Amino acid sequence: ETGVTQSPTHLIKTRGQQVTLRCSSQSGHNTVSWYQQALGQGPQFIFQYYREEENGRGNFPPRFSGLQFPNYSSELNVNALELDDSALYLCASSGAPRDEQFFGPGTRLTVL
Amino acid sequence: SQELEQSPQSLIVQEGKNLTINCTSSKTLYGLYWYKQKYGEGLIFLMMLQKGGEEKSHEKITAKLDEKKQQSSLHITASQPSHAGIYLCGADVIWTGTASKLTFGTGTRLQVTL
């Protein structure tokens, strides 16, 4: 059984640029949640996708958007990057929206 | 919104000593998760508690959810260097019929000295 994987592991961008982060769900999971973790803080919920539809969203602006594909892998897109977007981005997959969530290793994004 | 407060924020213990980390919620907890995180890495699931008074153990780690379901504790017996890391509690917040999200505390950083 393959766990949750994320790519890339690290990324450096400049203000104003756009970025796409990718997540591959654990086998058999149809739900993906994305979290942002700033240094020294707990993860903050961005949104959740269930069967290719957005299933809930946290307090993040519209420039944070996502996609889920038929194979249940997912993307997080961030437009017009700001310095405060520098963080560890975590995705978590689950068998259903309210099931236990399994986290990937994260993507560390640095915005200069 | 649900707030989770963890204490202590950081902890340094000598190998072999016991320790307890607390997680207090501003609202009733319907699902409480404990995760461990190595610096800059993903979260490793430890255990989930749902019922008031529930207690679960895995190896040398025991977690309990109090009867009133607003506080959880994580206890490590005979700590080892492998226990070092950041411990996060997460509350399962349900705001629609199907959607749920985890709200996390700020974490407790544990160091185990030899």
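Keep in mind the model is a prediction, meaning the values are calculated, not measured.

Reading the values: rules and limits
- Residues numbered from 1 in each chain as written.
- Chains lettered and ligands numbered in written order.
- Predicted model: local features only at pLDDT ≥ 70, side-chain atom pairs only at ≥ 80, totals over all residues.
- Heavy atoms only, no water.
- Pairing = 2+ DSSP bridges.
- Helix = DSSP H or I, 4+ residues; strand = E, 2+ residues; numbered from the N terminus.
- Axes fitted to C-alpha atoms, helices over the stretch in contact; angles between N-to-C directions.
- Buried < 20%, exposed > 50% of the residue type's maximum accessible area, 1.4 Å probe, protein only.
- Polar contact = N/O pair within 3.5 Å; in protein donor to acceptor, adjacent residues only side chain to side chain.
- Contact = heavy atoms within 4.5 Å.
- Core = buried A, V, L, I, M, F, W, Y, C linked by side-chain atoms within 4.5 Å.
- Buried area = accessible area lost by both parts, 1.4 Å probe.
- Salt bridge = Lys/Arg side-chain N within 4 Å of Asp/Glu carboxyl O.
- Phe/Tyr/Trp six-rings, centres within 6.5 Å; stacked < 30°, edge-to-face > 60°.
- Disulfide = S-S within 2.5 Å.

## Points about the sheet that holds strand E3 (residues 19–25) of chain B
Residue and element names in this part refer to chain B.
Alright, step 1. Pairing in this open sheet of 5 strands is antiparallel, and the strands run E1-E3-E8-E7-E6 from one edge to the other. With one partner strand each, in any of the chains shown, strand E1 (4–7) and strand E6 (55–58) form the two edges of the open sheet. Here the average twist between neighbouring strands, direction ignored, is 15°.
Alright, step 2. Judged from the 5 bridges that link them, strand E7 (residues 61–65) and strand E8 (residues 71–76) form a sheet pairing that is antiparallel. In the strand pairing of E8, isoleucine 61 is matched with isoleucine 76.

## Considering the side chain of serine 73 of chain A
Residue and element names in this part refer to chain A.
Alright, step 1. Here serine 73 lies in the loop between strand E7 (64–68) and strand E8 (74–78).
Alright, step 2. Serine 73 sits in the buried class, given a relative accessible area of 17%.
Alright, step 3. Polar contacts involving the side chain of serine 73 include one to the side chain of asparagine 71, which spans 2.7 Å.
Alright, step 4. Setting aside chain neighbours within four positions, we find serine 73 in contact with Cys23, Ser24, Ser25, Leu67 and Gln68.

## Quick notes on the nonpolar core
Alright, step 1. By size, the foremost hydrophobic cluster in this structure holds 21 residues, and its most contacted members are Leu32, Trp34, Leu74, Tyr87 and Leu110 of chain B.
Alright, step 2. Listing elements by their share of this core, those giving two or more residues are E3, strand E4 (32–37), strand E5 (43–49), E7, E8, strand E9 (85–94) and strand E11 (108–113) of chain B.
Alright, step 3. Counting residues in each nonpolar core, the second largest holds 20 residues, with Val4, Cys23, Tyr49 and Tyr89 of chain A among its members.

## Thoughts on the interface of chain A and chain B
Alright, step 1. Every contact between the two is made by 23 residues of chain A and, on the other side, 22 residues of chain B.
Alright, step 2. Taken together, both faces of the contact between chain A and chain B bury some 1700 Å²; the carbon and sulfur share is 54%.
Alright, step 3. Contact with chain B buries area across many residues of chain A, yet Arg98, Glu100 and Phe103 of chain A alone supply 29% of it, more than any other trio.
Alright, step 4. Inspection of the chain A/chain B interface yields 0 salt bridges.
Alright, step 5. At the boundary of chain A with chain B, the tally comes to 4 residue pairs in polar contact (both at pLDDT 80 or more).
Alright, step 6. The set of elements that each furnish at least two residues to the side of chain A that touches chain B consists of strand E4 (31–37), strand E5 (44–50), strand E6 (53–57) and strand E9 (87–94) of chain A.

## Side note on the packing of aromatic side chains
Alright, step 1. Summed over the entire model, instances satisfying the criterion amount to 11 aromatic pairs over all chains.
Alright, step 2. Aromatic pair tyrosine 35 of chain A and phenylalanine 104 of chain B: ring centres 5.8 Å apart, planes at 80°, arrangement edge-to-face. Taken as a pair, tyrosine 35 of chain A in strand E4 and phenylalanine 104 of chain B in strand E10 (residues 100–104) lie in two separate chains rather than in one. An identical accessibility class is assigned to tyrosine 35 of chain A and phenylalanine 104 of chain B; each is buried.
Alright, step 3. Here a set of aromatic residues connected by ring pairs shows up, and it is made of Tyr35, Phe45 and Phe103 of chain A together with Tyr33, Tyr35, Phe45 and Phe104 of chain B.

## Describing the pattern of salt bridges
Residue and element names in this part refer to chain A.
Alright, step 1. As enumerated under the stated definition, the model contains 6 salt bridges over all chains in all.
Alright, step 2. Across the pair glutamate 75 and arginine 22 runs a salt bridge, and its minimum N-O distance is 3.5 Å. Highlighted residues: glutamate 75 in strand E8 and arginine 22 in strand E3 (residues 19–24), separated in sequence by 53 residues.
Alright, step 3. Across the salt bridge formed by glutamate 82 and arginine 63, the nearest N and O atoms sit 3.3 Å from each other. With glutamate 82 in the loop between E8 and E9 and arginine 63 in the loop between E6 and E7, this pair connects stretches of sequence that are 19 residues apart.
Alright, step 4. Using a relative accessible area of 16% as the deciding quantity, one classes arginine 63 as buried.
Alright, step 5. Overlapping salt bridges, with partners in common, bring together Arg63, Glu82 and Asp85 in one network.

## Description of the state of the cysteines
Alright, step 1. Considering all chains together, one arrives at 2 disulfides over all chains under this definition.
Alright, step 2. A disulfide bridge connects cysteine 23 of chain A with cysteine 91 of chain A, and the sulfur atoms are separated by 1.9 Å. Looking along the S-S bond of the cysteine 23 of chain A-cysteine 91 of chain A disulfide, the torsion reads about 70°, which is the right-handed sense. With cysteine 23 of chain A in strand E3 and cysteine 91 of chain A in strand E9, this residue pair connects regions lying 68 residues apart in the sequence.
Alright, step 3. Across a sulfur-sulfur distance of 2.1 Å, cysteine 23 of chain B and cysteine 89 of chain B are joined as a disulfide pair. As the torsion about the S-S bond is roughly 75°, the cysteine 23 of chain B-cysteine 89 of chain B disulfide counts as right-handed. Residue cysteine 23 of chain B is found in strand E3, and its partner cysteine 89 of chain B is found in strand E9; the two are separated by 66 residues along the sequence.
Alright, step 4. Here cysteine 23 of chain B falls in the buried class, since its relative accessible area comes to 0%.

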